[in-house]
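So the chains spell out like this:
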Amino acid sequence: MNKNIQIIIDGKKLKVKESQTVYEAAKEKGIDIPVLCYHPDLKIKANCRICAVELKGKKELVASCSTKVKAGMEIFTNSAKVKKARKINLELLFAQHREECFDCVWRFNCQLLKLAEKYKVKIDRFIDRKTNYPIYQFKNAIVFDSTKCIDCRNCVEACQKQGVNFLEIKNRGTFFQVKPSESPNRDCVYCGQCIVHCPVGAFEGVGEFEDIEKPLKEKNKIVVVQFAPSIRTSLGEEFGLPYGEVVTGKITTALRKLGFDRVFDTSVGADFTTSEESKEVIERIKSNKKLPILTSCCSAWVKYVEFFYPEFVPNLTSARSPQAMLGGLIKTYWAEKEKIDPKKIFVVSVMPCVAKKYEVGREELIFNGLKPVDCVLTTRELARLIIKHKIDFKKLKSQNLDSAFGEPSGAGVIYGATGGVMESAFRTTYEKLTGKKLGKIDFKQVRGMEGIKKAEIKINGYCRRIAVINGLGNAKNILEEIKSNPLNQYACIEVMACPGGCIGGGGQPMPSEPDIRKKRAEGLYRIDLKKKLRKAHENPIVKKVYKEFLDKDKELACKILHTSYRQKTKEEVKIISNKSV
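Parameters at a glance
- Residues numbered from 1 in each chain as written.
- Predicted model: local features only at pLDDT ≥ 70, side-chain atom pairs only at ≥ 80, totals over all residues.
- Heavy atoms only, no water.
- Helix = DSSP H or I, 4+ residues; strand = E, 2+ residues; numbered from the N terminus.
- Rg over C-alpha atoms; globule rule 2.2 N^0.38 Å.
- Buried < 20%, exposed > 50% of the residue type's maximum accessible area, 1.4 Å probe, protein only.
- Contact = heavy atoms within 4.5 Å.
- Lys, Arg positive; Asp, Glu negative; His and termini not counted.
- Charge placed at Lys NZ, Arg CZ, Asp CG, Glu CD.
- Pairing = 2+ DSSP bridges.
- Axes fitted to C-alpha atoms, helices over the stretch in contact; angles between N-to-C directions.
- Parallel < 35°, antiparallel > 145°, perpendicular 65-115°, else oblique.
- Left-handed = near helix turned anticlockwise from the far one by under 90°.
- Patch = residues over 30% accessible without salt bridge, like charges linked within 9 Å, V, L, I, M, F, W, Y side chains within 5 Å.
- Areas by Shrake-Rupley, 256 points an atom, 1.4 Å probe, with all protein chains shown as cover.
- Salt bridge = Lys/Arg side-chain N within 4 Å of Asp/Glu carboxyl O.
- Phe/Tyr/Trp six-rings, centres within 6.5 Å; stacked < 30°, edge-to-face > 60°.
- Lys NZ or Arg CZ within 6 Å of the ring centre and 35° of its normal.
- 1 Å grid on protein atoms, 1.4 Å probe; cavity = no way out; pocket = protein on both sides within 12 Å on 5 of 7 lines; lining within 4 Å.
- Points joined across faces, edges and corners; volume = space filled by probe spheres on them.
- Nonpolar A, V, L, I, M, F, W, Y, C, P; charged D, E, K, R; others polar.
- Disulfide = S-S within 2.5 Å.

Novice: So, the overall build of the protein: which residues are in play, and what are the values?
Specialist: A tally of regular secondary structure across the protein gives 17 helices and 19 strands. Compactness check: the protein gives a C-alpha radius of gyration of 25 Å against a globular reference of 25 Å for 581 residues, within 12% of the reference. Counting only residues that meet the buried cut, the protein has 61% of its 581 residues in that class. Expressed as a percentage of contacts within the protein between residues at least 6 apart in sequence, the contacts between residues at least 24 apart total 74%. Positive and negative side-chain charges of the protein, numbering 104 and 70 respectively, have mean locations separated by a distance of 3 Å.

Novice: For the sheet that holds strand β6 (residues 135–138), give the residues involved together with the corresponding values.
Specialist: Pairing is antiparallel in the open sheet, where 4 strands are placed in the order β10-β7-β6-β19. Each edge of the open sheet carries a strand with a single partner, namely β10 (203–205) and β19 (573–577). Adjacent strand axes in the sheet meet at a mean angle of 25°, parallel and antiparallel pairs treated alike. Across 4 bridges, β6 lies against β19 in antiparallel orientation. The residue of β19 that forms the bridge with Gln 137 is Lys 574.

Novice: Kindly report on the packing of helix α6 (residues 248–258) against helix α11 (residues 379–388), identifying the contributing residues and their values.
Specialist: Direction vectors running N to C along α6 and α11 enclose 60°, while the axes themselves pass 10 Å from each other. Between α6 and α11, the interaxial angle falls into the category oblique. Once α6 is placed against α11, the crossing between them reads as left-handed. Residues Ile 251, Ala 254, Leu 255 and Leu 258 of α6 form the contact with α11, whose participating residues are Leu 382, Leu 385 and Ile 386.

Novice: Which residues make up a nonpolar patch on the surface, and what are the values?
Specialist: Together, Ile 88, Leu 92 and Phe 126 make up an exposed nonpolar region whose accessible area comes to about 230 Å². Following the sequence through the fold, Phe 126 ends up in the loop between α3 (111–118) and β6.

Novice: Describe the pattern of salt bridges, with residues and values.
Specialist: As enumerated under the stated definition, the model contains 45 salt bridges in all. Note that Lys 454 is salt-bridged to Glu 481, the shortest N-O span being 3.4 Å. Here the residue Lys 454 occupies a position in strand β16 (residues 452–459), and Glu 481 occupies one in helix α14 (residues 472–484), the gap between them amounting to 27 residues. What makes Glu 481 partly exposed here is its relative accessible area of 22%. Here Glu 538 makes a salt bridge to Lys 535, at a shortest N to O gap of 3.8 Å. Relative accessible area serves as the criterion here: at 23%, Glu 538 is assigned to the partly exposed category. Residue class for Lys 535 comes out buried when judged on its relative accessible area of 7%. Several salt bridges share partner residues, and in doing so they unite Glu 423, Arg 427, Asp 442, Arg 447, Asp 528 and Arg 534 into one network.

Novice: Give a description of the packing of aromatic side chains that names residues and reports values.
Specialist: What the rule picks out here adds up to 18 aromatic pairs. For the pair Tyr 190 and Tyr 358, a centre-to-centre distance of 4.5 Å together with 35° between the ring planes defines the contact as tilted. Note that Tyr 190 is positioned in the loop between β9 (175–180) and α5 (193–197) and Tyr 358 in helix α10 (residues 355–359), a separation of 168 residues in sequence. For Tyr 190, a relative accessible area of 1% gives the class buried. By the ring-pair criterion, three or more aromatic residues cluster together here, those being Trp 301, Tyr 304, Phe 307, Phe 308, Tyr 309 and Phe 312. Over the aromatic face of Phe 176 sits the side chain of Arg 153, whose NZ or CZ is 5.2 Å from the ring centroid. The ring of Tyr 490 carries the charged tip of Arg 465 above its face, separated from the ring centre by 4.2 Å.

Novice: Provide a residue-level description of the side chain of Glu 91, including the pertinent values.
Specialist: Checked against the element boundaries, Glu 91 lands in helix α2 (residues 80–96). The exposure class of Glu 91 is buried, given its relative accessible area of 4%. Dropping the residues within four chain positions of it, Glu 91 is found in contact with Val 121, Lys 122, Arg 125 and Phe 126.

Novice: Give me the lowdown on the sheet that holds strand β17 (residues 462–470), citing residues and values where you can.
Specialist: Read from one edge to the other, the open sheet built from 4 strands follows the order β13-β18-β17-β16, with strand pairing classed as mixed. If you trace the sheet from one side to the other, it starts and ends with β13 (293–294) and β16, each paired once. As judged from the 5 bridges shared by β17 and strand β18 (residues 492–496), these two strands associate in the parallel manner. Counterpart to Val 468 in the pairing with β18 is Glu 494. Across the sheet, helix α13 (residues 420–434) touches β16, β17 and β18, and the angle it forms with β18 is around 155°.

Novice: Account for the pairing of β6, with residues named and values stated.
Specialist: Burial along β6 is two-sided: the residues Ile 135 and Gln 137 and Tyr 136 and Phe 138 are all buried. Between the end of β6 and the start of strand β7 (residues 142–145), which pair antiparallel, lie 3 residues, with Lys 139 showing a positive phi angle near 50°.

Novice: Please give an account of unusual backbone geometry that cites residues and values.
Specialist: Note the cis peptide between Leu 291 and Pro 292, where omega equals 0°. Considering the arrangement of structural elements, one finds Pro 292 in the loop between α7 (266–287) and β13. A positive phi is found at Asp 151, a non-glycine position, where the angle reads about 65°. Relative to the elements of secondary structure, Asp 151 occurs in the loop between β7 and α4 (154–161).

Novice: Which residues make up the layout of surface pockets, and what values do they have?
Specialist: Its volume calculated, the largest pocket comes out at about 1100 Å³. Lining the largest pocket we find 42 residues, and of these Trp 106, Asn 109, Met 510, Pro 511 and Glu 513 sit closest to its centre. Where the lining of the largest pocket is concerned, the elements lending two or more residues are α1 (22–28), α3, α5, α11 and α15 (514–530). Ranked by residues supplied to the lining of the largest pocket, first place goes to α11 with 5 residues. When grouped by side-chain class, the residues that make up the lining of the largest pocket number 24 nonpolar, 5 polar and 13 charged.

Novice: Report on the state of the cysteines, specifying residues and quantitative values.
Specialist: A covalent bond between the sulfur atoms of two cysteines is referred to as a disulfide. Inspection of the entire model under this criterion finds 0 disulfides. Here Cys 37 is not disulfide-linked; the sulfur of Cys 48 is the nearest cysteine sulfur, at 3.7 Å. Residue Cys 463 stays outside any disulfide, its sulfur separated by 14 Å from that of Cys 492, the closest cysteine. Since its relative accessible area comes to 40%, Cys 463 is described here as partly exposed.

Novice: I'd like a description of the environment of Val 413, backed by residues and values.
Specialist: Inspection of the secondary structure assignment puts Val 413 in helix α12 (residues 410–413). For the pair formed by Val 413 and Lys 395, sequence separation is 18 residues and the distance between their alpha carbons is 24 Å. The residues touching Val 413, leaving out its near neighbours within four places in the chain, are Pro 229, Arg 232, Ser 267, Pro 408, Leu 524, Ile 527 and Lys 531.

Novice: Hey, could you go over empty space enclosed by the protein for me, with residue numbers and the actual values?
Specialist: Enumeration over the complete set of coordinates arrives at 5 cavities of 30 Å³ or more. What the largest cavity holds in volume is close to 240 Å³. The wall of the largest cavity is formed by 19 residues, among which Cys 297, Pro 352, Lys 356, Met 496 and Cys 502 lie closest to the centre. Roughly 150 Å³ of volume is contained in the second largest cavity. Lining the second largest cavity are 13 residues, and of these Val 281, Thr 429, Ile 457, Ile 466 and Cys 492 sit closest to its centre. At the level of secondary structure, the elements contributing two or more residues to the lining of the second largest cavity comprise α7, α13, β16 and β17. With 5 residues, the single largest contributor to the lining of the second largest cavity is α13. Residue composition of the lining of the second largest cavity, grouped by class: 11 nonpolar, 1 polar and 1 charged.

Here you go:
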């Protein structure tokens, strides 16, 4: 039983839960205790010691994040002893962290700088001891600057939690260093959870600062932009708007002000993905082959299967991801209608995910010598562009998308939350298999932030088991379950690499925490609920493009809408700065 007890914090008598830590109790009561290494997704490590507090009767300060409350405990969060300790700890942390504030994912919300100002810290009191540490690049997705690392080990734990174990702690003389694994059996999947769990910006997306304006400088090109479903309920956070607020129209306006020639919605691409995926699901269920079907729109998950579980590669659906499908249609269907040479079209995607940067470089996506998408910007990168161009996002009036690809269904929008792909597929697959209208549209069994959700669906008298996963560590558990008991079969499994799905992606605004992700998801479901059009296969633009274009050339349609996967070996890690490794 989690009973209430009384404690005293800074002279105030408070009733708190017996199970809480000092930090949790203080936060719940609105008392500020600073933290750096603490993150609600991760285990408490008490490494940074910034959350230190004083307990009456104790000589040594304690870490509030790891100290449980006790009845009668008297706590001081801001005593002279506490302030002195925090100041010294901060100065020591700055000695591990090479400052590069302009080039940092936390630039506009840096807790380290806020604390330095609060405690009047001299950030250069000690010489930076990591100036000769290397900077690594993981393919075209992630940069890890170990000169900025404060050894909190959040990235290592996040990587372990994903079941990847690519980041490791190694001895470096009398110190420790976070390094990418040299084992041929471990590789990065580019999910970017290291980025959103690092409190000091040691990780970032490739090109996050250096190349973000490249798309706008493309001359003699028609520069087309598409933006992902989850962006519409997360971008506003970067401009002080409430978590989960829907800003679709403002995004469209901002993109036009930045100079993009056309603005489309990747959620329409999701409607095409659902249509193709549904056909594949029906075919495999009827033939009882290559089951369970594994979704493939999450590129970090695809890389995870290709590297860690290649025996499941045939189970991945061959339907391309929404950004790849829409990009392909832009350079074929739309180019043909507008009489534009596809080579003159430059497609940019705004994604919640750094793995999407990796995805667009996949050779398997190239058709007619062209990549469907030329460049990927993260949500954070779009925010930085808007700020750099002095666009007042809050005051923007909403504009409609360009009409060529119309509006998405509600099913396309909920792709941004865990369970959204499965729910969208269910709405379409059920009606195609049964020939009946689906009475209850909302498939709430697959919604929510739980890591593993399982359900059973009855279609035409048959019961089908499904699973919805977010977090690759949870996916590993399901794959191992299937391997150990292949007869206990699932029909379909949705996997999103990041917690909460795309709403918690490695390219999203920070912080990314459970309560924030929940609000982002709720925003997407509100959009779906308000839409008259809620099924992908009923989207007029989907019907039109199939009738006018895709159905007339099945071979071309297959190239645009489908892809292939293969077993992957460890990919090269570049050292882009190496003074002394």
